[in-house]
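Chain residues, written in single-letter form:
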Amino acid sequence: MLTIKINTSKSKHLVPTIAAVLAIVLSATWSNAQQLRQGISVRMPVTSSATTMSEADNEDAWIIGVTHDGGVYFGVDPVTPDGLAIKMKARPRNRQQNLYIKADTRAPYADVEKVLQAGRTVFFETAVLLTSQAQSSEPGTMVPPKGLGVLLVPPAASQPTHVQLINSGEHTPILKINNRQIPVANLQNMLAQIFQNRPEKVIMVKADGQLPFADVVQVIDACHSAGAKVVLTIPGM
């Protein structure tokens with residue numbers, strides 16, 4: 001508890017001054033508490049097709065953070081990638097809950113893959129990649145979290161389109177659809193042509209682990225914009 005003693009006998013002007021200081025202290029304390037509740041700070045990739053994920057703000061939400069240097073956090077607790085599955089198995093969960101991944105744009109995709117693998121070991125069939133949005137909000141406005149849902153298990157009897165993202169060693173990765181190389185910028189138009197007469201739209205995305213997470217999310221964002229379900233191909237599938 002914070003206690004402040006005020007001697008009002010010296011000056012009548014002292015009371016408002018102390019009150020102002022106290023207000024600043026309490027405001028700073030509240031602000032820090034809000035920041036702690038937000039979890040680990042990362043720079044999330046910007047997307048255009050993400051949907052609102054209000055449940056990610058729940059106190060019991062399953063949120064895994066991945067920092068740009070490969071640090072992994074279960075909520076706000078640091079954990080090794082190998083120990084993540086053990087931590088997850090020890091925590092009871094509602095089968096209706098989602099797995100939320102809050103990864104930095106610069107994080108190697110291989111670090112995110114380890115989180116996805118851990119999620120599969122505790123029987124998560126889907127995951128949500130939390131993202132930022134291009135549009136800005138008014139100062140002080142509460143913005144609900146948004147993200148892109150991905151499948152960790154392919155749908156039964158599906159005939160997916162295969163999208164592969166390969167590290168080229170250059171700024172732009174190599175992109176292939178069904179083993180045909182195309183420019184990354186043409187992905188959404190190409191998918192629209194492929195899905196024109198298909199009732200089922202499923203895409204298997206396989207990405208080089210050396211690529212930054214932002215490059216992979218850009219492809220997933222385009223797939224979502226084309227109305228497709230995205231299955232992330234991870235080691236062990």
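Because the structure is a prediction, the values reported are computed rather than measured. (Residues numbered from 1 in each chain as written. Predicted model: local features only at pLDDT ≥ 70, side-chain atom pairs only at ≥ 80, totals over all residues. Heavy atoms only, no water.)

Caption draft 1: Structural detail: the overall build of the chain. Scanning the chain from terminus to terminus reveals 5 helices and 13 strands. Out of the 237 residues in the chain, the part that is buried amounts to 38%. Considering only intrachain contacts with a sequence separation of at least 6, the fraction spanning at least 24 residues in the chain is 72%. Roughly 14,200 Å² of accessible area belongs to the chain as shown, and the carbon and sulfur atoms make up 53% of that amount. (Helix = DSSP H or I, 4+ residues; strand = E, 2+ residues; numbered from the N terminus. Buried < 20%, exposed > 50% of the residue type's maximum accessible area, 1.4 Å probe, protein only. Contact = heavy atoms within 4.5 Å. Areas by Shrake-Rupley, 256 points an atom, 1.4 Å probe, with all protein chains shown as cover.)

Caption draft 2: Spatial organisation of the packing of aromatic side chains. Here the structure, examined in full by the defined rule, presents 2 aromatic pairs. Residues Trp62 and Phe74 carry aromatic rings whose centres are separated by 5.6 Å and whose planes lie at 45° to one another, so their mutual orientation is tilted. In this pair, Trp62 sits in strand β3 (residues 62-66) while Phe74 sits in strand β4 (residues 72-74), placing the two residues 12 residues apart along the sequence. As far as the burial class goes, Trp62 and Phe74 line up, both buried. With 5.5 Å between their ring centres and 65° between their planes, Trp62 and Phe124 make a pair best called edge-to-face. Taken together, the residues Trp62 in strand β3 and Phe124 in the loop between α3 (109-121) and β7 (126-133) connect sequence positions 62 residues apart. Taken together, Trp62, Phe74 and Phe124 form an aromatic cluster joined through their ring pairs. The ring of Phe124 carries Arg93 above its face, with NZ or CZ at 3.7 Å from the centroid. (Phe/Tyr/Trp six-rings, centres within 6.5 Å; stacked < 30°, edge-to-face > 60°. Lys NZ or Arg CZ within 6 Å of the ring centre and 35° of its normal.)

Caption draft 3: View of the pattern of salt bridges. Under the definition given, this model contains 1 salt bridge. Arg106 is the salt-bridge partner of Asp104, the closest N and O atoms lying 2.9 Å from each other. Relative accessible area serves as the criterion here: at 2%, Asp104 is assigned to the buried category. Taking the relative accessible area as the measure of exposure, Arg106 reaches 41% and is therefore partly exposed. (Salt bridge = Lys/Arg side-chain N within 4 Å of Asp/Glu carboxyl O.)

Caption draft 4: Molecular detail of the pairing of strand β6 (residues 99-103). Along β6, 5 of the 5 residues are buried, which leaves the element largely enclosed by surrounding structure. Here β6 shows two buried faces, one formed by Leu99, Ile101 and Ala103 and the other by Tyr100 and Lys102. When β3 meets β6, the two strands line up parallel, connected through 5 bridges. Looking at β6, one finds that Ile63 is bridged to Tyr100. Bridge analysis of β6 against β7 gives 2 bridges, and the strand direction is parallel. When the sheet's bridge partners are listed, Tyr100 is paired in β7 with Val128. (Pairing = 2+ DSSP bridges.)

Caption draft 5: Spatial organisation of the packing of helix α4 (residues 187-194) against helix α5 (residues 213-225). Running from amino to carboxyl end, α4 crosses α5 at an angle of 40°, the nearest separation of the two axes being 9 Å. In this structure, α4 crosses over α5, and the sense of that crossing is right-handed. Residue-level contacts link Leu187, Gln188 and Leu191 of α4 to Val219, Ala222, Cys223 and Ser225 of α5. Of the residues in the contact of α4 with α5, the class split is 5 nonpolar, 2 polar and no charged. (Axes fitted to C-alpha atoms, helices over the stretch in contact; angles between N-to-C directions. Left-handed = near helix turned anticlockwise from the far one by under 90°. Nonpolar A, V, L, I, M, F, W, Y, C, P; charged D, E, K, R; others polar.)

Caption draft 6: α5, seen in detail. Across its 13 residues, α5 extends 18 Å between first and last C-alpha, which sits within 8% of the 18 Å expected from 1.5 Å per residue. When we look at burial in α5, the residues that qualify are Phe213, Asp215, Val216, Val217, Val219, Ile220, Asp221, Ala222 and Cys223. Where α5 terminates, the next one or two residues include Gly227, which has phi positive at roughly 80°. (Expected span 1.5 Å × (residues − 1).)

Caption draft 7: Structural view of α3. For α3, spanning 13 residues, the distance from its first C-alpha to its last is 19 Å, which sits close to the expected 18 Å at 1.5 Å a residue. Looking at α3, one finds that the buried residues are Tyr109, Asp111, Val112, Glu113, Val115, Leu116, Ala118 and Gly119. With its phi angle positive at about 70°, Phe123 sits one or two positions after the end of α3.

Caption draft 8: Local environment of the side chain of Thr131. Within the element layout of this structure, Thr131 appears in strand β7. A relative accessible area of 5% means that Thr131 is categorised as buried. Within the structure, Thr131 has its side chain in polar contact with the side chain of Gln133 (distance 3.2 Å). Residue contacts for Thr131: discarding those within four places in its chain leaves Met44, Pro45, Thr47, Ala50, Lys146, Gly147, Leu148 and Val217. (Polar contact = N/O pair within 3.5 Å; in protein donor to acceptor, adjacent residues only side chain to side chain.)

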